[in-house]
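# Coordinate inspection notes
Here is what each chain is made of, one letter per residue.
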Amino acid sequence: MTVVPGQAADQLEHDFPVQRTCPFAPPAEYEKLRDEAPVVRGKLPGGEVWLVTRWAEARQVLGGATISTAPTTPGSPVPLMSAEPPTPEILDEQARQSHGLFIDMDPPQHTRYRRLLIPEFSYRRIKEMRPGVQATVDRLIDDMLAQGTEADLVEAFGLPLPSLVICQLLGVPYSEREFFQSRTRRMVTSPDEADRIAAIGELREFLSGLVAEAEQAPGDDLLGRLVPARAVPHEDMVGMMFLLLVAGHETTANMIPLSVLTLLRHPDQLRRLLDDPGLWQGAVEELLRFHSIVDWAGFDRTATQDIEIGGRRFGAGDGFLVLGASANRDERVFPDPDRFDIQREARPHVAFGYGVHQCLGQNLARAEMEIALRTLFERIPTLRVDTPDEELSFKYEATIFGMNALPVSW
Ligand code: HEM
């Protein structure tokens, strides 16, 4: 933390990002920042930004109609994430890779893309998918049980489940999982920007081939339904598929092992869930709130007009990072926020974001988590993690938090 004498409290600069040090809590600094002010000054490697620390202001910024999410908006914090300004080559490549990435677009452009996908992720459509998800979960558990009395839950269950589900939904061959999972891993963990960009390029090229195939012979999947309508050009369709494939497996894959560990470490609450399966829905919301694995990733925003937030005025070009993991521990909304409690009112959390960019796949993610966790604990009641937490491997360096491995036995 950099303290400049004479600065007002809310102008203190805080070095950012800060890493987690505990698997069950956001970075310890967040509580201090939240106490200090709803919006505090942060220092990124390449410049300054406003950090949004509390729930109400987080929703205001994420839901603000005069707040942009495009990394090209002047003042965006995105280029400040690296110490060196991006080279012209990197900027060119990023522009090429931005086609169809509606998570980085503002309305009305964003609306056009998102609207095309809404029917694919509606509550009704996901309800229809539940038996398929259940069958996949059962098959993965059968395989685990057939292979002995121990497994790595990330490798055997957490990662394959959402990958299989999203592959089937989109029409991406699951046999290519090594390829897309490793590219995704590089995108979220590589410290080298050029390497991250190369990984994105390789993944886009692979998806471009699949879109081209669907243009010739559409199958019974999302690609097959969307491509023939030619609602968007080829490169945009590639970008949309890229977003769905990455967002659809990486996040849920991190949540499942973390959730299993958390429930095993709270056996009284796990017992309540096994006695009353009606509690699973609320438990999933609490797990999402408690871990807030996405935190500020994707929550970069820029004001496009004057706006008041947390009693302070901001102008066009002011950049923000919303600390989702801090907002979800805001004691003003979640009493005793550091306590894990499956029966609390966790639903207003911002783990899926808020506003027009709120997670498109949230119904699917909820269904996958609920079915996976319930079935796993029902079918393997003796499931346990013998390794102490300090010896487990967590993704402290990655932008999206999770576990590298989770050794379980039964
Ligand atoms: C536990 C799992 C998940 C978490 C925690 C999560 C979290 C998030 C968050 C925080 C955002 C908002 C980003 C922003 O405001 O810029 C988001 C957006 C998005 N998510 Fe998820 N997500 C999950 C699972 C999924 C799944 C399974 C899919 C399915 C394909 C998906 C697809 C998307 C898409 C397409 C967007 C962009 C929406 C838009 O910009 O309109 N997510 N997600």
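In what follows, the accompanying structure is described. These numbers come from a predicted model, not from an experiment.

### Thoughts on the sheet that holds strand β1 (residues 13–15)
Pairing in this open sheet of six strands is mixed, and the strands run β1-β2-β3-β9-β6-β4 from one edge to the other. Since the sheet does not close on itself, it has two edges, and those belong to β1 and β4 (67–68), each with one partner. Where β1 meets strand β2 (residues 39–44), three bridges bridge the pair, whose relative direction is parallel. Bridging from a neighbouring strand, D15 pairs with K43 of β2. Along the sheet, helix α2 (residues 55–63) contacts β3 (47–52), β4, β6 (300–303) and β9 (319–322); its crossing angle with β9, the most-contacted strand, is approximately 125 degrees.

### Overview of the packing of helix α7 (residues 160–170) against helix α15 (residues 362–379)
Where α7 contacts α15, the two axes come as close as 11 Å, and the packing angle between them is 135 degrees. Viewed along their axes, α7 and α15 adopt a mutual orientation that is oblique. Our pair here, α7 against α15, has a crossing hand that is right-handed. Across the interface between the two elements, L161, P162, V165 and L169 from α7 touch L364, E368 and A372 from α15. Classifying every residue of the contact of α7 with α15 by side-chain character gives six nonpolar, no polar and one charged.

### Examining the coordination of the iron atom of the ligand
Exactly one protein atom donates to the iron atom of the ligand; that atom is C359 (SG), 2.3 Å from the metal. Following the sequence through the fold, C359 ends up in the loop between α14 (324–327) and α15.

### Here's the deal with the packing of aromatic side chains
Across all of its chains, the model carries eight aromatic pairs by this definition. Ring geometry for F179 versus F206: centroids 5.1 Å apart, planes at 55 degrees, classification tilted. You can see F179 sitting in helix α8 (residues 177–189) and its partner F206 sitting in helix α9 (residues 193–216), a full 27 residues away along the chain. For F206, a relative accessible area of 16% corresponds to the buried category. Among the aromatic residues, those joined into a cluster by ring pairs are W50, F314 and F320. Between the NZ or CZ atom of R41 and the centre of the ring of W50, over which it lies, the distance is 4.3 Å. The ring of Y113 has R112 lying over it, and the distance from NZ or CZ to the ring centre is 5.1 Å.

### Description of the site of the ligand
In the vicinity of the ligand there are 27 residues, among which H110, R114, R301, H357 and C359 approach most closely. R114 places a side-chain nitrogen or oxygen 2.7 Å from an oxygen atom of the ligand. Contact between the ligand and R301: an oxygen atom at 2.8 Å from a side-chain N or O atom of the residue. Those elements giving two or more residues to the shell around the ligand turn out to be α4 (109–117) and α11 (234–264). The greatest single-element share of the shell around the ligand, amounting to seven residues, is contributed by α11. In terms of residue class, the shell around the ligand is made up of 17 nonpolar, eight polar and two charged.

### Regarding the pairing of β2
With five of its six residues buried, β2 lies for the most part within the structure. With respect to chirality, the unit in which β1 leads through helix α1 (residues 29–36) into the neighbouring parallel β2 is right-handed. Bridge count between β2 and β3: six bridges; the pairing is antiparallel. Of the residues in β3, the one forming a bridge with R41 is W50. Count of turn residues in the β2/β3 antiparallel hairpin: two residues.

### Things to note about the nonpolar core
Ranked by internal contacts, the top residues of the largest apolar core, which has 95 residues, are F157, L207 and L406. The dominant element in this core, judged by the number of residues it contributes, is α11, at 16 residues. With residues up to four places along the chain from it excluded, the contact list for F157 reads V137, L140, I141, M144, P162, I256, A372 and L376. Counting 18 residues, the second largest nonpolar core, distinct from the first, contains V61, F299, A303 and V350.

### Notes on the packing of helix α3 (residues 88–96) against α9
Pairs of packed helices are described in terms of their axes, by the angle between the two and the distance that separates them. Their axes nearest at 11 Å, the elements α3 and α9 cross at an angle of 30 degrees. Here α9 runs roughly parallel to α3, going by the angle between their axes. In this structure, α3 meets α9 at a crossing whose hand is left-handed. Of the residues in α9, those touching α3 at I90, E93, Q94 and R96 are E193, I197 and R204. Looking at side-chain class alone, the contact of α3 with α9 contains two nonpolar, one polar and four charged residues.

### Re the pairing of β9
Put simply, side chains in a regular strand alternate between the two faces of the sheet. Here β9 shows a buried face lined by G319 and L321 and a second buried face lined by F320 and V322. Alignment of β3 against β9, held across three bridges, turns out to be parallel. Residue pairing for β9: W50 is matched across the bridge by F320. By the bridge criterion, three bridges tie β6 to β9 in an arrangement that is antiparallel. Looking at the pairing, T302 lines up with G319 of β9.

### With respect to unusual backbone geometry
Trans is the common state for peptide bonds, and a negative phi is the common state for residues other than glycine. Of the consecutive residues F16 and P17, the connecting peptide bond is found in the cis state with omega at 0 degrees. For D336, which is not glycine, the phi dihedral falls at a positive 45 degrees. By secondary structure assignment, the location of D336 is in the loop between α14 and α15.

### So, the side chain of N254
Within the secondary structure, N254 is located in helix α11. Within polar-contact distance, the side chain of N254 engages the side chain of K395 at 2.9 Å. Other than its neighbours up to four places away in sequence, N254 contacts I293, K395, I400, F401, G402 and M403.

Definitions and cut-offs
Residues numbered from 1 in each chain as written. Predicted model: local features only at pLDDT ≥ 70, side-chain atom pairs only at ≥ 80, totals over all residues. Heavy atoms only, no water. Pairing = 2+ DSSP bridges. Helix = DSSP H or I, 4+ residues; strand = E, 2+ residues; numbered from the N terminus. Contact = heavy atoms within 4.5 Å. Axes fitted to C-alpha atoms, helices over the stretch in contact; angles between N-to-C directions. Parallel < 35°, antiparallel > 145°, perpendicular 65-115°, else oblique. Left-handed = near helix turned anticlockwise from the far one by under 90°. Nonpolar A, V, L, I, M, F, W, Y, C, P; charged D, E, K, R; others polar. Donors = N, O, S within 2.8 Å, 3.2 Å for Na, K, Ca; no water. Phe/Tyr/Trp six-rings, centres within 6.5 Å; stacked < 30°, edge-to-face > 60°. Buried < 20%, exposed > 50% of the residue type's maximum accessible area, 1.4 Å probe, protein only. Lys NZ or Arg CZ within 6 Å of the ring centre and 35° of its normal. Near = heavy atom within 4 Å. Polar contact = N/O pair within 3.5 Å; in protein donor to acceptor, adjacent residues only side chain to side chain. Right-handed = clockwise from strand over helix to strand, strands pointing away. Core = buried A, V, L, I, M, F, W, Y, C linked by side-chain atoms within 4.5 Å.

By themselves, these figures tell us nothing about what the structure is for.
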